[in-house]
Amino acid sequence: MMKKLDRALPLALLHAREATLKPFRHELDQIGLTVQQWRVIRVLAEGKACCATELAERCVLMPPSLSRILKTLTEQKLIERVEDSDARRRRVQISSVGREKYATMAGKAADIYEDLETRFGTEKMETLLDLLNELYDVAKVA
C-alpha cells in the first residue's frame, strides 16, 4: 500500500531541500551564482583540481549540466582549466577570482547554516546528517 503523501520519502526530501535552499538562493542571487554553480565552486575551493567525472559525482550533477556550468564559470573567470598527466583529460580548478567569490559566499553560507542549526538543534542536525548519509549508503547499494 502506498504511503500518504506527507509520509512519502522522496517528497519529504524535496520539501526539506527546497526549504533549506531558499536562504542560500537569495544570497547566491546577490552574487550572481546558481545553486549548481555554487556547488562546483565550493567543491573546487575545498579541494584540489579535478576532472569532470569526479566533479559531477561530488557535486551531484549530470555530466551535460556540468559541461554547461563549467563553460559559464570559465567564461566568468571563476574557474580555469589545467592540464592533466593524461593529455586526453582536462581538469579544472578554482581561480583567484573564484576564490574571492567563494570567500564572499562562504561567510554568508556559514551564517545560514548556523541559523538553521540553532533553530533545528545541533544534535538533531548531526543525527539527520548521519541518517541521510546512512540512507545514501544503503540506497546506492540496492
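Report follows, based on the coordinates. Keep in mind that what you see is a predicted model, and the values were worked out from it rather than measured.

Considering the nonpolar core
So, point 1. In terms of nonpolar packing, the biggest core is built from 29 residues, with Trp38, Val40, Ile41, Leu44, Leu55 and Leu73 touching the most fellow members.
So, point 2. Secondary structure elements with two or more residues in this core: helix 1 (9-31), helix 2 (35-45), helix 3 (52-59), helix 4 (63-75), strand 3 (90-94) and helix 5 (96-120).
So, point 3. If you tally residues by element for this core, the top one is helix 2, at seven residues.
So, point 4. Ignoring sequence-local partners within four residues, the contact set of Leu44 consists of Cys50, Leu55, Ile79, Val92, Gln93, Ile94 and Arg99.

Description of the packing of aromatic side chains
So, point 1. Summed over the entire model, instances satisfying the criterion amount to two aromatic pairs.
So, point 2. Positioned above the aromatic ring of Phe120, the side-chain terminus of Lys124 is 4.7 Å from the ring centre.

Describing the sheet that holds strand 3
So, point 1. One open sheet accounts for three strands, arranged 1-3-2; its pairing is antiparallel. The strands lining the two open edges of the sheet, one partner per strand, are strand 1 (50-51) and strand 2 (79-83).
So, point 2. Relative to strand 3, strand 2 runs antiparallel, the two being bridged by five bridges. Across the sheet, the residue bridging to Glu80 is Gln93, located in strand 3.
So, point 3. In the packing of helix 2 onto the sheet, contacts are made with strand 1, strand 2 and strand 3, and the angle to strand 3 comes to roughly 90 degrees.

Details of the packing of helix 5 against helix 6 (residues 122-141)
So, point 1. Remark: helix 5 packs on helix 6, axes separated minimally by 6 Å, with the N-to-C direction vectors making an angle of 105 degrees. In terms of their interaxial angle, helix 5 and helix 6 are classed as roughly perpendicular. Between helix 5 and helix 6, the contacting residues are Leu116, Glu117 and Phe120 on the first element and Thr122, Lys124, Met125 and Leu128 on the second.
So, point 2. Each residue belonging to the contact of helix 5 with helix 6 can be placed in one class, and the counts come to four nonpolar, one polar and two charged.

Let's talk about helix 4
Within an α-helix, residues lying three or four positions from one another point in the same direction, as the helix has 3.6 residues per turn.
So, point 1. Over its 13 residues, helix 4 extends 18 Å from the first C-alpha to the last, a length consistent with the 18 Å expected when each residue adds 1.5 Å.
So, point 2. Each element contacted by the buried residues of helix 4 is listed here: helix 2, helix 3, strand 2 and strand 3.
So, point 3. Lys77 lies just past helix 4 and shows a positive phi near 65 degrees.

Side note on unusual backbone geometry
In most cases, non-glycine residues show a negative phi, while peptide bonds are predominantly trans.
So, point 1. Even without being glycine, Val60 reaches a positive phi, approximately 55 degrees.
So, point 2. As for its placement among the helices and strands, Val60 is situated in the loop between helix 3 and helix 4.
So, point 3. Look at Val60 and you get exposed, because its relative accessible area is 67%.

Description of the pattern of salt bridges
So, point 1. All told, the structure shown has nine salt bridges when counted by the stated rule.
So, point 2. With its nearest N and O atoms 2.9 Å apart, the salt bridge here joins Arg17 to Glu18.
So, point 3. Of the residues examined, Glu18 reaches a relative accessible area of 37% and is grouped as partly exposed.
So, point 4. Of the charged contacts, one joins Lys71 and Glu75 as a salt bridge, the two residues approaching to 2.7 Å between their closest N and O atoms. Of this pair, Lys71 and Glu75 both sit in helix 4, separated by four residues, roughly a single helical turn. Just as Lys71 is exposed, Glu75 falls in that class too.
So, point 5. Salt bridges sharing common partners tie together Arg17, Glu18 and Arg25.

Here is what the cut-offs are and how they apply
- Residues numbered from 1 in each chain as written.
- Predicted model: local features only at pLDDT ≥ 70, side-chain atom pairs only at ≥ 80, totals over all residues.
- Heavy atoms only, no water.
- Core = buried A, V, L, I, M, F, W, Y, C linked by side-chain atoms within 4.5 Å.
- Buried < 20%, exposed > 50% of the residue type's maximum accessible area, 1.4 Å probe, protein only.
- Helix = DSSP H or I, 4+ residues; strand = E, 2+ residues; numbered from the N terminus.
- Contact = heavy atoms within 4.5 Å.
- Phe/Tyr/Trp six-rings, centres within 6.5 Å; stacked < 30°, edge-to-face > 60°.
- Lys NZ or Arg CZ within 6 Å of the ring centre and 35° of its normal.
- Pairing = 2+ DSSP bridges.
- Axes fitted to C-alpha atoms, helices over the stretch in contact; angles between N-to-C directions.
- Parallel < 35°, antiparallel > 145°, perpendicular 65-115°, else oblique.
- Nonpolar A, V, L, I, M, F, W, Y, C, P; charged D, E, K, R; others polar.
- Expected span 1.5 Å × (residues − 1).
- Salt bridge = Lys/Arg side-chain N within 4 Å of Asp/Glu carboxyl O.

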